[in-house]
Every structure is written in structure tokens, then in C-alpha cells.
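# Observations on chain architecture
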Amino acid sequence: MMMFALLLTSGDPSWLLAAEEVAVLEGHVVVGQCPDTISLLAQSALGIADLVILGPDLLDIDRPVTVRLRRLGLMVVQVGGFPGVAPSFATVEAALDGASAASRASLETRKADLVVVCGCKGSPGATRFALDLAQALARPSGRDGAVSLLDLDPRGGDIATYLGLPSHPNLLTATDAIEHGQPWRFTESNRGVNVLAAPSRHGWIEDIAATDIEQLIAELGPTVVDAGSVEHEPDIIVLAVLRSAAQVVLVGGTIAVNRVHLQRARDVLEPTVGNLR
């Protein structure tokens, strides 16, 4: 079993005490006990924990709260509680076992058939490159849906507009379905490529969690992701996908100002990604 730094959350002091005893006996470290949601969010923001266990009595914990926790890099499980909020287990021991199994599954180094395409300021063409790459990869197979193309631009994707596709279903509806254990659909199949578009509004990515994107990508075969512009620190969701990719392609222009922005983007990505082309 993996060792976790835990935040235990419950309004019942006796449950907190019993849960901490179980966790410590199994070799984990409890870094905080949170009696309510406000305390939980405050301690989660400190970056000292990697797992939250929710007690069965917290009625005000809902999906937006758990999405916020997961965007901070925390795994969230619950003992009892309501279906759909977080993976639920009957006991603290079972919750720790489930979290450990999920963590081991997510430790795969890189997805060998995942390519992420990024752009930089003032250099159009990343979306066109991602689309052409996906279609080129799909062509030898001769099969529809052999390759997937995901639009992950946090500022609002334009693949749907580019291809004349409907706005639904999209990446947000797909991750929401995954969160609730329901089936999801691609936006459309186009020239042998299964396209999953992004909502057009800026900031849509704040409504999803990294674990849902990771699960979605894990279900796919060869995949190309259009991650938008990355001249500044990438969104935490984009960063998680970048780190899991076999290759990251940075698209830039050739004039002097484009080369400056390209170098800035490389400076941002290389320290944390390391698989840049």
C-alpha cells in the first residue's frame, strides 16, 4: 500500500479520532483534521496533503467542492456519503485501499500514443497542425475513429468552429459523465478522427478535474490534444496532460517576434514537461 498524507474531514470528533487511529496503524500520516468545508479548503490550499477522506456526516460537500480539491492535486474519497460526490467506501480501511489502488494505476510513466500540440502568442497554426496530425495518423489504419482529437484550450476551443461541428457533446460533458460513472460520446467523427471539442467560453476548464481527463485519455487509443497557447504557466489540467504525453509539439512562427514568443514558451515548458519537440 502507498503512504498518504491525509486530511480527515468530519464534524464528528469521535469519527475523526477513530479514522486517524486506523490511518496511522496502516502507515499513513494525518496532517490535518477538518471539522467543516471551510477548514478543509483552507488546509488543502497549503499543499501538505495528497489524500482527503470525507466522513459520512458532511452534507455540504458537493461536486464543485471535490472538483476544487482535485484541481489542487488531491485525491478525494469518502466513507459513506452521497453517490457521485467522490468514490465511496464502507470503511476507512477500504477507502485507503481504494485510494492506493487508484494511485498505482495513475503512476504509468507516459501514454505512448498521446501527442500534445501547443502554440504560443502571435503564432497561429497549432490547431491546424493538431488536426492535420490526427488525420495523418488515422489515414494508414483505414478505420473510422482510429485516432482521437481532443480540444483542451482553456481559453475556449475552436476546433468545433473550424470543422463546423455542433457544440455538444464536448470535453466538459464527457468529463462530467465520467465523474458520475455514465457513458460519454464524442462530438463527431471527421475524416477518420473522433473529435471531442471544447466549450467556446473562456475558463471552461476550471469546471473539470485532472483525474477525469486522465481517465478519459486512458480509455482512448492514439490521441492528439490541442492544448492552446502555453507562453505562461499552463493550467493545472493542461500541465497534467502535458506530463503524461509521449511527445509535446510546440508550434511557432518564423519571424523574429514569433521566435521570441516561442523561446518563452519553451522556457515555461521544459523544466516541467521534458518531452518537448
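Residues numbered from 1 in each chain as written. Predicted model: local features only at pLDDT ≥ 70, side-chain atom pairs only at ≥ 80, totals over all residues. Heavy atoms only, no water.

## Re helix H8 (residues 210–219)
Those residues of H8 that fall on the buried side of the exposure criterion are Ala 210, Asp 212, Ile 213, Leu 216 and Ile 217. Projection of H8 onto a plane perpendicular to its axis shows the buried side chains occupying an angular sector of 165°, all on one side. On its buried face, H8 sits against helix H3 (63–71), strand E6 (111–119), strand E7 (147–151), helix H7 (171–179), strand E9 (193–196) and helix H9 (236–244). (Buried < 20%, exposed > 50% of the residue type's maximum accessible area, 1.4 Å probe, protein only. Helix = DSSP H or I, 4+ residues; strand = E, 2+ residues; numbered from the N terminus. Arc of directions from axis to C-beta. Contact = heavy atoms within 4.5 Å.)

## Topic: helix H5 (residues 126–138)
Between its first and last C-alpha atoms H5 spans 18 Å; for 13 residues at 1.5 Å apiece the expected length is 18 Å, and the two agree. Where H5 is concerned, the buried positions are Ala 126, Thr 127, Ala 130, Leu 131, Ala 134, Gln 135 and Ala 138. Around the axis of H5, the buried residues are gathered within 170° of arc, so they sit on the same side. Those residues of H5 that are buried lie in contact with E6, E7, helix H6 (159–163), strand E8 (188–190), E9 and strand E10 (223–229). (Expected span 1.5 Å × (residues − 1).)

## Let's talk about the sheet that holds E6
Ordered in space as E8-E9-E7-E10-E6-E11, the six strands form an open sheet in which the pairing is mixed. Because the sheet does not close on itself, it has two edges, and the strands there are E8 and strand E11 (245–250). Neighbour to neighbour, the strand axes of the sheet diverge by 25° on average, direction disregarded. In this structure, E6 lies alongside E10, joined through five bridges in parallel fashion. Residue pairing for E10: Leu 114 is matched across the bridge by Thr 223. On the sheet, H8 packs against E6, E7 and E9 and is oriented at approximately 125° with respect to E6. (Pairing = 2+ DSSP bridges. Axes fitted to C-alpha atoms, helices over the stretch in contact; angles between N-to-C directions.)

## A few points about the packing of H7 against H8
In the contact formed by H7 and H8, the axes pass within 9 Å of each other and the chain directions differ by 95°. In terms of axis orientation, H7 runs roughly perpendicular to H8. Contacts from Leu 171, Ala 174, Thr 175, Ile 178 and Glu 179 in H7 reach Asp 212, Ile 213, Gln 215 and Leu 216 in H8. A class-by-class count of the residues in the contact of H7 with H8 yields five nonpolar, two polar and two charged. (Parallel < 35°, antiparallel > 145°, perpendicular 65-115°, else oblique. Nonpolar A, V, L, I, M, F, W, Y, C, P; charged D, E, K, R; others polar.)

## What about the nonpolar core?
In terms of nonpolar packing, the biggest core is built from 34 residues, with Val 116, Leu 152 and Leu 216 touching the most fellow members. If you list the elements that add at least two residues to this core, you get E6, H7, H8, E10, H9 and E11. In terms of residue count, the dominant contributor to this core is H9 (six residues). Excluding residues that lie within four positions of it along the chain, Leu 216 makes contacts with Leu 150, Leu 171, Ala 174, Thr 175, Ile 178, Trp 184 and Leu 196. Residues Leu 149, Ala 160, Val 195 and Val 249 belong to the second largest nonpolar core, which totals 18 residues. (Core = buried A, V, L, I, M, F, W, Y, C linked by side-chain atoms within 4.5 Å.)

## What to know about the pairing of strand E3 (residues 51–54)
Across the two faces of E3 the burial is the same, with Leu 51 and Ile 53 and Val 52 and Leu 54 all buried. Of the strand pairs in this sheet, strand E1 (residues 5–9) and E3 are connected by four bridges, and their pairing is parallel. When the sheet's bridge partners are listed, Leu 7 is paired in E3 with Val 52. When E3 meets strand E4 (residues 75–79), the two strands line up parallel, connected through four bridges.

## Considerations on the sheet that holds E3
Reading across from one edge, E2-E1-E3-E4-E5 is the order of the five strands in this open sheet, with parallel pairing throughout. On the outer flanks of this sheet lie strand E2 (29–34) and strand E5 (88–89), each paired with one strand and no other. Lying on the sheet, helix H2 (residues 37–44) is in contact with E1, E2 and E3; it crosses E2 at an angle near 140°.

## Structural notes on unusual backbone geometry
Glycine aside, negative phi is the norm for most residues, and most peptide bonds take the trans geometry. Following His 168, the chain continues into Pro 169 via a peptide bond in cis, with omega recorded as -10°. With respect to the helices, strands and loops of the structure, Pro 169 is situated in the loop between H6 and H7.

## Quick notes on the pattern of salt bridges
Evaluated as defined, the whole model comprises three salt bridges. Note that Asp 132 is salt-bridged to Arg 128, the shortest N-O span being 2.6 Å. A residue pair is termed a helical-turn pair when its members lie 3 or 4 positions apart in one helix, as Asp 132 and Arg 128 do in helix H5 at four residues. (Salt bridge = Lys/Arg side-chain N within 4 Å of Asp/Glu carboxyl O.)

## A short note on the side chain of Ser 44
Structurally, Ser 44 is set in helix H2. Within the structure, the side chain of Ser 44 is placed 2.7 Å from the backbone oxygen of Leu 40, a separation counted as a polar contact. For Ser 44, the residues in contact, after removing those within four places along its chain, are Leu 7, Val 52, Leu 69, Leu 72 and Leu 74. (Polar contact = N/O pair within 3.5 Å; in protein donor to acceptor, adjacent residues only side chain to side chain.)

## What about the environment of Leu 54?
Looking at the element boundaries, Leu 54 is found in strand E3. For Leu 54, a relative accessible area of 2% corresponds to the buried category. Separated by 47 residues in sequence, Leu 54 and Leu 7 have C-alpha atoms that sit 8.5 Å apart. Not counting chain neighbours up to four residues away, the residues in contact with Leu 54 comprise Thr 9, Trp 15, Leu 40, Ile 61, Thr 66, Val 76, Val 77, Gln 78, Val 79 and Val 85.

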